[in-house]
Amino acid sequence: MKTSREEPNRQPGRGEVVARFFLISAALGLAIGLFEASLLWTTPRIIPLLVPDVGWVIWFLAPLVDMVFFGLVGVGLGWLSNRITAKELPIAIEGGIAVTFVYLMLRWLHSVVGLHPFKFGMEVLFPLIILAAGSAVSLLFLAVIWHRLGGFLEPIVLAPLKPLVWGLAAVTVVAIVGIGVFVVRPSFSTTSAQAAPPPSGAPNVIFITLDTVRADHLSAYGYNRPTTPNLDRFARTGVLFENAIAPTSWTLSSHASMFTGLLPQQHGADFVVPLSSNPWTLAEILRSQGYETAGIIANTGYLEKGWGVSQGFESYADYRSSIKHNLSQTLVGIALIQPLYQNLWSYDWFERRNAAELNQEVFQWLRHRPKRPYFLFVNYFDTHDPYLTVAPYNHRFGRLSMALAANLNAAGDFGFRHRFTRRDRALLADGYDNCLAYLDDQVGKLLEFLSRSSAWRNTIVIITSDHGEEFGGHGDYIHGFDLYRELLHVPLIIAGPGIPKGVRISHIVSTRELFSTVLDLAGGGRTPFSRYSLARFWNPAYKPASFDDAVVSELIPAGDLSGQHAMMSLTTPQWQYIEHRSGRQELYRWTVDPEEKDNLAASPQDQATLNSLRSRLINLVRNATGPWHGTPYLHALDKVAGSSQFSLLFPKPLQPGAAGNPFRIGIAQAYFKPQESKPTRPSQSERELLKSLPYQ
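Just so it is clear, the structure is predicted and the values come from calculations on it, not from any experiment.

### Some remarks on the pattern of salt bridges
In total, this model carries 15 salt bridges according to the counting rule given. Asp318 serves as the salt-bridge partner of Arg320, at 2.9 Å between the closest nitrogen and oxygen. Here Arg320 matches Asp318 in class, with each residue buried. The partner of Arg584 in a salt bridge is Glu586, with the nearest N and O atoms 3.3 Å apart. In this structure Glu586 comes out as buried when scored by relative accessible area, which is 2%.

As structure tokens, this is what we get:
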């Protein structure tokens, strides 16, 4: 019989060794998880974000996940230690060093490569190789020094193991309860209005954006496939604008323009700068008038609260409220769950919400909202690349393979001109149309739900898109790199009380004018914004004005942090003119060349048209309200970029309401006192880290 003095010399059994490894590794995981939660909670993962994009559940989720992950690593190391050495403690310490090293390396990789997916080997095998290498190096190091320090360290490390069991058990229970509370909590909080109630009879307004939907792929716009029967049916209940043009070709800047009525150069939101708090947004204005305001979004990137578009919304359900998103931001989510998911299940983002899931949140909010007029913003994300959707829609018009979706991601994220075959391009369009058909089905379910509501007769619904999509027609894919019609021509349908049914309007209009339109419709059509509202086009007394047949669009392409490739566009009833900062010009007669294949900029017989359109673009931009935030856009109109002629070409803008300027871009903002601007532009070194942001 062994005495207590002999107990330290007892050789532990294999189960006890594995248990010790598990406890030590799990405790290390808990410490790392708490540290990770503190970083995610206090520091935005993307530098310009105004607020971090995680919810409070991260304090429970990160420690629990890291405990489980590192505990399993400890089990593996314990199993190996029984076959390597009888002294388990050096391996335990070695395991702690190794997993800590792997953690730091993965964090470094994440900061360097951003959020872009790589091949399976880079995402999964490479971290495992690092783990193996770190284990070997630390094992060699400990093997050399253990015979000198082992006797001293072993009692110190083993003594607290029993209390550690109870401590880890308690932490696990608390974490599970915290996560459970987060899951079952109400998705939306209700707050009382800070202003007097709106006038009696004020309509509800539902503003829906179908992210990345180009108009020419809707059957309501003449597409040869029946992609959107529900939207077609909805269009017959209201007004369809045949030629609605987006202010740019990517998400944040386009939504900012629709929410403020300003051009990108005016509101300043770009790929590395959030929307400023200076201009008033639709939600802020309507909330000040007593409206309940809520936003429910599916875009995984540029519509998160930290990008500033949530200003004025009392409730804003972005991905911070999603368990899957919070999980995806942890070490385990980044290093294991996301790569395994997109390589073995679907080449997509693990946390992405489809339209059916988004609808459930919309239905929940509508059932529990306060009984007063509301402004509800809904953003669907289903037609955004990689064009993979749920059955049976995943093969409605053709089946897109995961391999081709991965190649699209590589071609689109960095603007590379991937060599897709004609067959590949057709399959990409098939996948896109599959997603559009699924989205149409879910939008139909939302409209059906709304039609059963008692408030339906007093509800205005606006359906549009932020931008279109490219399928290699000009060498590029996805969006955010060009200003061609396939990227700017978007659907726009408005229906509700006081809006005529079955009307199609062919005038060129800008979705930027939805700012004035919503304010006008919410005010009953008798507001200072009526002159700039799209409602003027269905007014029988409407007389076309000089500013009604030209739309300005602007773009600094994705990844172009210096603005050297900035461009501006002018779309008229017959023409689209594009000028690049380099001085290159493009001219297309889109009415006869809708795919814009024939650039007429060098055509001698079209020089008069070219010069006329350029002069008109300059005059429209000159009369835009200040302040200007995007000088790279303006340089696009200066033949000698950055020259002293710039200040002469664009003098200080005239004040709102000045004589001789019946219409000025962004004039509706002049009715509101500017607010103090909060965001600051990041440094060049910080901007460089944002080149790989995946979703626009």
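### Details of a nonpolar patch on the surface
Taken together, the side chains of Leu34, Trp41, Trp56, Trp59, Val173, Val177 and Val181 make up a nonpolar region of the molecular surface, amounting to roughly 630 Å² of accessible area. Among the elements that make up the nonpolar patch, the one with the highest residue count is helix α5 (residues 161-184) (three residues).

### Description of the packing of aromatic side chains
Applying the stated criterion across every chain, the model contains 30 aromatic pairs. Taken together, a centroid distance of 5.0 Å and an interplanar angle of 85° make the contact between Phe259 and Phe377 edge-to-face. Here Phe259 is found in helix α7 (residues 251-260), whereas its partner Phe377 is found in strand β5 (residues 374-380), with 118 residues between them in sequence. Taking the relative accessible area as the measure of exposure, Phe377 reaches 0% and is therefore buried. An aromatic cluster is present here, built from Phe207, Phe259, Phe313, Tyr316, Phe375 and Phe377 joined pairwise through their rings. Here the basic side chain of Lys324 rests over the ring of Phe350, its NZ or CZ set 5.7 Å away from the ring centre.

### Remarks on unusual backbone geometry
Between Asp385 and Pro386 the backbone carries a cis peptide bond, its omega angle lying at 20°. Structurally, the position occupied by Pro386 is in the loop between β5 and α13 (402-413). A cis amide bond links Ala391 to the next residue, Pro392, at an omega of 0°. In this structure, Pro392 sits in the loop between β5 and α13. Even without glycine at this site, Thr212 takes up a positive phi of about 70°. Following the sequence through the fold, Thr212 ends up in the loop between β1 (204-210) and α6 (229-235).

### Describing helix α14 (residues 422-451)
With 30 residues, α14 extends 43 Å from end C-alpha to end C-alpha; this agrees with the ideal 44 Å at 1.5 Å per step. In terms of residue burial, α14 counts as a mostly covered element, since 22 of its 30 residues are buried.

### Observations concerning helix α12 (residues 355-368)
Its 14 residues give α12 an end-to-end C-alpha distance of 20 Å, which sits within 8% of 20 Å, the value for a rise of 1.5 Å per residue. Inspection of α12 places Ala355, Leu358, Asn359, Glu361, Val362, Phe363, Trp365 and Leu366 among the buried residues, and these make up the whole buried set. Packed against the buried residues of α12 are β3 (292-297), β4 (315-317), β5 and α14.

Criteria and cut-off values
All chains use their own residue numbering, which begins from 1 and follows the written sequence. Given that this is a predicted model, residues contribute local features only at a pLDDT of at least 70 and side-chain atom pairs are listed and counted only at 80 or more, while totals for whole chains, interfaces and linings are drawn from all residues. Hydrogens and waters are ignored; side-chain quantities use all the structure's heavy atoms. Here a salt bridge means any side-chain nitrogen of Lys or Arg lying within 4 Å of a carboxyl oxygen belonging to Asp or Glu. Partly exposed residues are those whose accessible area sits between 20% and 50% of the maximum for their type, while under 20% is buried and over 50% is exposed, using a 1.4 Å probe and protein chains only. Without a salt bridge and with relative accessible area above 30%, a residue can belong to a patch; like charges are then joined within 9 Å and nonpolar side chains (Val, Leu, Ile, Met, Phe, Trp, Tyr) within 5 Å. Calculation of accessible area relied on Shrake-Rupley with a 1.4 Å probe; when residues are assessed, cover is drawn exclusively from the protein chains displayed. Strands are runs of DSSP state E lasting at least 2 residues, helices are runs of H or I lasting at least 4, and numbering of each runs from the N terminus. Stacked, edge-to-face and tilted are the three classes for Phe, Tyr and Trp ring pairs, Trp counted by its six-membered ring, which pair at centre distances within 6.5 Å; planes under 30 degrees apart are stacked, over 60 edge-to-face, the rest tilted. In this scheme, the term charge over a ring applies when either NZ of a lysine or CZ of an arginine sits within 6 Å of the ring centre and within 35 degrees of the ring normal. Multiplying 1.5 Å by the helix residue count minus one yields the expected span of that helix. Throughout, a contact is declared for two residues whenever any of their heavy atoms are within 4.5 Å.

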